[in-house]
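# Reading the structure
Chain by chain, the residues run as shown.
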Amino acid sequence: MSFQGHAVVVTGAAQGIGLAIARSFAESGARVAMIDIDASRLREASTGLRAQGHATVDIVADVADASAMQSAAATAARQVGPCQVLVSNAGVLLRGGFDEVDALQQWRRTMGVNLDGCFHAAHAFGAQLRSTRGCIVNVASIHSFVAVRNSAAYTASKGGVKQLTQALALELGAAGVRVNAVAPGITETDMTEGLRSDPEALAAFLARVPLRCTVQPEDVARAVAFLASDAAACITGVTLPVDGGYCAT
């Protein structure tokens, strides 16, 4: 799928799934604005892609900060052009019991990044997306569909991303803007290293996965590219699992 000349914005783009998504679009010819809160990792990632001949810019911003995202949207428009594809990928995974002493702080930070971040990005780039009749792809999770222990905030936030995706599809459809999401399973990134390094826990998880596999960041990137492409021109409001069949069980 070619995105030659497209202006694409990816949040949480410094590493993991976000970096794979940014790389995928850049390799397909897009101009990519990479947004992340981690300035050093973001600079390294974006510089690496530019060294390979790709058109990327890096913008440091916290998606949980609405005003920062408004500024990021203005910067992105100047540097890569009006947004045609917005990928809201930034997320945190803070595990802990519901009644632990820091549960409220974890709740607020998780909601601020995972759910508010998707809203802030859509709101900040909304006018650009309407002008380009572009699309949004949010990165949700299998836990948009299924709860997990010791992660009430994460599960609730990703359930919210799924519902926000559907609500925005209704809000923006008349302007020709499509809004979809992907829902990755356990993906091989730093965020999931704890689970993947525990053979017993990983085996228990994979027992529920028909394909008996974890997910590669590139698997998610390909699904995002499909939903952003003309091949999905009549698809909106969908949250697509990329999970080896986990959600089918």
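This text goes with the structure placed above it.
Note on numbering: residues in each chain are counted from 1, in written sequence order. Local features in this predicted model are restricted to residues of pLDDT 70 or higher, and side-chain atom pairs are both shown and tallied only at a pLDDT of 80 or more, whereas totals for entire chains, interfaces and linings draw on every residue. To get the side-chain values, take all heavy atoms of the structure and skip hydrogens and water.

Attention shifts here to the sheet that holds strand S3 (residues 55-60). In spatial order, the strands read S3-S2-S1-S4-S5-S6-S7; together these seven strands make up an open sheet with parallel pairing. Edge positions in the open sheet fall to S3 and strand S7 (239-242), since each of these has one partner strand only. If you compare each strand with its neighbour and ignore which way they point, the axes differ by 20 degrees on average. One requirement defines pairing of two strands: DSSP has to find at least two bridges between them. To qualify as a helix, a DSSP run of H or I must reach at least 4 residues; to qualify as a strand, a run of E must reach at least 2; elements of each kind are numbered from the N terminus. Judged from the four bridges that link them, strand S6 (residues 178-184) and S7 form a sheet pairing that is parallel. Looking across to S7, one finds that Val-182 is bridged to Leu-240. The contact rule is simple, with two residues in contact once any of their heavy atoms fall within 4.5 Å. Throughout, an axis means a line fitted to C-alpha atoms (over the contacting stretch in the case of helices), and angles, computed between N-to-C directions, take values from 0 to 180 degrees. The strands touched by helix H1 (residues 16-27) within the sheet are strand S1 (7-11), strand S2 (31-36), S3, strand S4 (85-88), strand S5 (135-139) and S6, with S2 carrying the most contacts at an inclination of about 165 degrees. Running at roughly 155 degrees to S2, helix H3 (residues 66-80) makes contact with S1, S2 and S3 of the sheet.

Before going further, it helps to spend a moment on the packing of aromatic side chains. Only the six-membered ring of Trp is used, alongside the rings of Phe and Tyr, when aromatic pairs are assigned; centres must lie within 6.5 Å, and planes under 30 degrees apart are stacked while those over 60 apart are edge-to-face, with the rest tilted. Summed over the entire model, instances satisfying the criterion amount to two aromatic pairs. Here the aromatic rings of Phe-3 and Phe-25 are separated by 4.8 Å at their centres, their planes lie at 75 degrees, and the arrangement is edge-to-face. Of this pair, Phe-3 sits in the segment before S1 while Phe-25 sits in helix H1, placing them 22 residues apart in sequence. Residues Phe-3 and Phe-25 agree in their burial class; the two are buried. Between the aromatic rings of Phe-205 and Tyr-246, the centroid separation amounts to 5.0 Å while the plane-to-plane angle is 20 degrees, which identifies the pairing as stacked. In this pair, Phe-205 is assigned in helix H7 (residues 199-206) and Tyr-246 in the segment after S7, connecting sequence segments 41 residues apart. Categorising residues by exposure relies on relative accessible area from a 1.4 Å probe, with only protein chains included: less than 20% of the type maximum marks a residue as buried, more than 50% marks it as exposed, and the intermediate range marks it as partly exposed.

Glancing now at the side chain of Asn-114. For Asn-114, the position within the fold is in helix H4 (residues 103-132). Polar contacts, as used here, are pairs of N or O atoms within 3.5 Å; protein pairs need one atom able to donate a hydrogen and one able to accept it. Residues neighboring in sequence count only if both atoms are side-chain atoms. Among the polar contacts listed, one links the side chain of Asn-114 to the backbone nitrogen of Val-92, at a separation of 2.8 Å. Apart from the residues within four sequence positions on either side, Asn-114 is in contact with Ala-90, Gly-91, Val-92, Tyr-154, Ser-157, Lys-158 and Val-161.

Our next topic: the pattern of salt bridges. Note on definitions: salt bridges are taken to be side-chain nitrogens of Lys or Arg within 4 Å of carboxyl oxygens of Asp or Glu. Under the definition given, this model contains four salt bridges. Between Arg-41 and Asp-190 there is a salt bridge, with its nearest N and O atoms 3.8 Å apart. Of this pair, Arg-41 sits in helix H2 (residues 39-51) while Asp-190 sits in the loop between S6 and helix H6 (193-196), and the two are 149 residues apart along the sequence. The partly exposed category is assigned to Arg-41, whose relative accessible area is 37%. Note that Asp-219 and Arg-222 form a salt bridge whose closest N and O atoms lie 2.7 Å from each other. One end of the pair is Asp-219 and the other is Arg-222, both in helix H8 (residues 217-228) and three residues apart, which spans about a single turn. Residue classification places Asp-219 among the partly exposed residues on the basis of a relative accessible area of 27%.

What follows deals with H3. Here H3 contains 15 residues, and its C-alpha end-to-end distance of 21 Å stays within 8% of the 21 Å for a straight helix at 1.5 Å per residue. Listing the buried residues of H3 in full gives Met-69, Ala-72, Ala-73, Thr-75, Ala-76 and Val-80. The inward-facing, buried residues of H3 abut S1, S2, S3 and H4. Multiplying one less than the number of residues by 1.5 Å gives the expected span of a helix.

It is worth spelling out the pairing of S6 at this point. In regular strands, side chains alternate between the two faces of the sheet. Most of S6 sits out of view: seven of its seven residues are buried. Taking every second residue as pointing to the same face, both faces of S6 are buried, with Arg-178, Asn-180, Val-182 and Pro-184 on one and Val-179, Ala-181 and Ala-183 on the other. When the strands point away from the viewer and the connection leading from the first strand across the helix to the second strand turns clockwise, the crossover is called right-handed. With respect to chirality, the unit in which S5 leads through helix H5 (residues 152-172) into the neighbouring parallel S6 is right-handed.

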